[in-house]
Amino acid sequence: MAANEVDVFANEEKRNLELGGHVGFDSLPDQLVSKSVAQGFSFNILCVGETGIGKSTLMNTLFNTTFENEEASHYENEVHLRPQTYDLQESNVSLKLTIVHTVGFGDQINKEESYKPILEYIDTQFEKYLEEELKIKRSLFNCHDTRIHICLYFIAPTGHSLKSLDLVTMKKLDSKVNIIPVIAKADTVSKNELDKLKIKIMSELVSNGVQIYQFPTEDEAVAEINSSMNTHLPFAVVGSVEDVKVGNKMVKARLYPWGSVQVENENHCDFVKLREMLVRVNMEDLREQTHARHYELYRRCKLEEMGFKDTDPDSQSFSLQETYEAKRKEFLVELQRKEEEMRQMFVNKVKETEAELKEKEKELHDRFEQLKRMHQDEKKNLEEKRRELEEEMNAFNRRKVAAETLMGQALQGCSQQPFKKDKDKKNFFSLPSACSLTSGRNLN
């Protein structure tokens, strides 16, 4: 009954009433402006481009100040992002500006994954904001919004078209952030070449389905200028923080032997167009597009992953508690299933390990038996060789004894033979005296 009454009241036509006097709610815009000015604003710029292409110089020129920034080398192993936040003040408006530099972008030999750290950083900032939204006690107004509002993609003026790295990176980023392509160091090419390069770049972006940021034309106050500026994309810019005297005034320019390139001269480059579109005219639209388009897409995908969904007009409304309980049950079932899979995997792994250990044990046992047999064979061979050696030693000792016996007999025989010879010799020399004695006797 109550639902039918609500439908009836909703279908009734709204009535316009005239006020009898001044009430005061026409001051709401002034109240909103006062509150916004008191709260301050935040704006986050992502600068994507190769090292040394002029990102820092353009940021210094864009905000007419000098930001602290460390120079990056060309020898970075991977791409990493370096955010720096500054508090700026202009008149009574304060701006918390965050500039994020892509350090090492395009310096690696393998550039296939150069865009991944950039995507991860953008998603991380969305995740931080979503976590703040889902808190029970939220403080979104006091929270520093670090979501990237604009990506200035710096294109090198060398060559006649976009590099494959540029196309791949912008294609990956176009659903995450507002992209404005700019041709850096535009003073290094002639005006005719620059016009041809702009046409070629836009043609390649369209043919590859890259969605870049288009300045809005719905608001009549800025529709004409935004429509005109959309035809000048990509902007060809030159940055410089040096003051050069041209005529009777000092201007920001780059001085060359043949002359000077004035940064704020629209005949020399598109820097003024970029500053007008980015800062003065469309800064709030960039912030709104980031929240209403890119962040909402990320938020929707995340909530759908968590099990939340919107109700169709024909379907019944759902309860947040029921959705949470259903998702929790699914999670518990999935957790139990994974736990069972891990347990089964562990059991299988243990069985495989036991089988491998048994196989190893069998191999070790076979190896031990083989070594044992080899040891016994070697021991047997050594015993036989020892026995043969002992027999040889015994035979040698017997021969030695026999030889010593023979030698002793030979020496004994030799010692007796000289004694006999001496005796015979003595008998021989004693014979003449006997003969003479005999003969003497005979004479007498």
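Criteria and thresholds
- Residues numbered from 1 in each chain as written.
- Predicted model: local features only at pLDDT ≥ 70, side-chain atom pairs only at ≥ 80, totals over all residues.
- Heavy atoms only, no water.
- Helix = DSSP H or I, 4+ residues; strand = E, 2+ residues; numbered from the N terminus.
- Buried < 20%, exposed > 50% of the residue type's maximum accessible area, 1.4 Å probe, protein only.
- Contact = heavy atoms within 4.5 Å.
- Areas by Shrake-Rupley, 256 points an atom, 1.4 Å probe, with all protein chains shown as cover.
- Axes fitted to C-alpha atoms, helices over the stretch in contact; angles between N-to-C directions.
- Parallel < 35°, antiparallel > 145°, perpendicular 65-115°, else oblique.
- Left-handed = near helix turned anticlockwise from the far one by under 90°.
- Nonpolar A, V, L, I, M, F, W, Y, C, P; charged D, E, K, R; others polar.
- Pairing = 2+ DSSP bridges.
- Core = buried A, V, L, I, M, F, W, Y, C linked by side-chain atoms within 4.5 Å.
- Phe/Tyr/Trp six-rings, centres within 6.5 Å; stacked < 30°, edge-to-face > 60°.
- Lys NZ or Arg CZ within 6 Å of the ring centre and 35° of its normal.
- pLDDT = per-residue confidence, 0-100.

1. Notes on the overall build of the chain
Each helix and strand in the chain was counted, giving eleven helices and nine strands. Per-residue burial for the chain yields a buried fraction of 29% across its 444 residues. Within the chain, contacts between residues at least 6 apart in sequence are counted, and of these 67% link residues at least 24 apart. Here the chain displays about 32,000 Å² of accessible surface, and carbon together with sulfur accounts for 53% of that area.

2. Concerning the packing of helix α4 (residues 116-134) against helix α5 (residues 164-173)
The description of two helices packed together rests on the angle between their axes and the distance between the axes. As a packed pair, α4 and α5 sit with axes 10 Å apart at the nearest point and diverge in direction by 15 degrees. Taken as axis vectors, α4 and α5 run roughly parallel relative to one another. α5 is crossed by α4, and the crossing has right-handed handedness. Contact residues: α4 offers I118, L119 and I122, while α5 offers T169, K172 and L173. Classifying every residue of the contact of α4 with α5 gives four nonpolar, one polar and one charged.

3. Digging into the pairing of strand β7 (residues 243-246)
Here β7 runs beside strand β8 (residues 249-256); their pairing, made up of four bridges, is antiparallel. The partner of D243 across the bridge, within β8, is K252. Where β7 hands over to β8, the hairpin turn is made up of two residues, of which G247 adopts a positive phi near 70 degrees.

4. Re the nonpolar core
Counting 72 residues, the largest nonpolar core has L152, I180 and F235 as the members making the most contacts within it. Per-element accounting of this core gives the leading share, seven residues, to α4. In this structure, I180 is in contact with I150, C151, L152, Y153, Y213, F215, L233, F235, L274 and L278, ignoring residues within four places of it in sequence.

5. As for the packing of aromatic side chains
By the definition in use, this model includes nine aromatic pairs. Pairwise contacts between aromatic rings join F126, Y129, Y295 and Y298 into one cluster. The lysine or arginine in question, R147, covers the ring of Y295, its NZ or CZ lying 4.8 Å from the ring centre.

6. Here's the deal with the sheet that holds strand β6 (residues 235-236)
Within a sheet, adjacent strands bond to each other through the backbone by hydrogen bonds, running parallel or antiparallel. Spatially, the six strands line up as an open sheet ordered β2-β3-β1-β4-β5-β6, and their pairing is mixed. Edge positions in the sheet fall to β2 (80-90) and β6, since each of these pairs with one other strand and no more. Direction of pairing for β2 relative to strand β3 (residues 93-103): antiparallel, over a ladder of eleven bridges. Bridge pairing in β3 links L88 to L95.

7. Quick word on the sheet that holds strand β9 (residues 259-262)
Judged by pairing direction, the sheet is antiparallel, and its three strands sit side by side in the order β7-β8-β9 without closing on themselves. The open sheet has two edge strands with one neighbour each: β7 and β9. Neighbour-to-neighbour, the strand axes of the sheet open up by a mean angle of 70 degrees, direction not taken into account.

8. Digging into the confidence of the model for the chain
Per-residue pLDDT for the chain has a mean of 83; in total, 87% of the residues score no lower than 70. For residues 433-444, every residue scores under 50 in pLDDT, and the model assigns this stretch zero contacts once sequence neighbours within four places are set aside.

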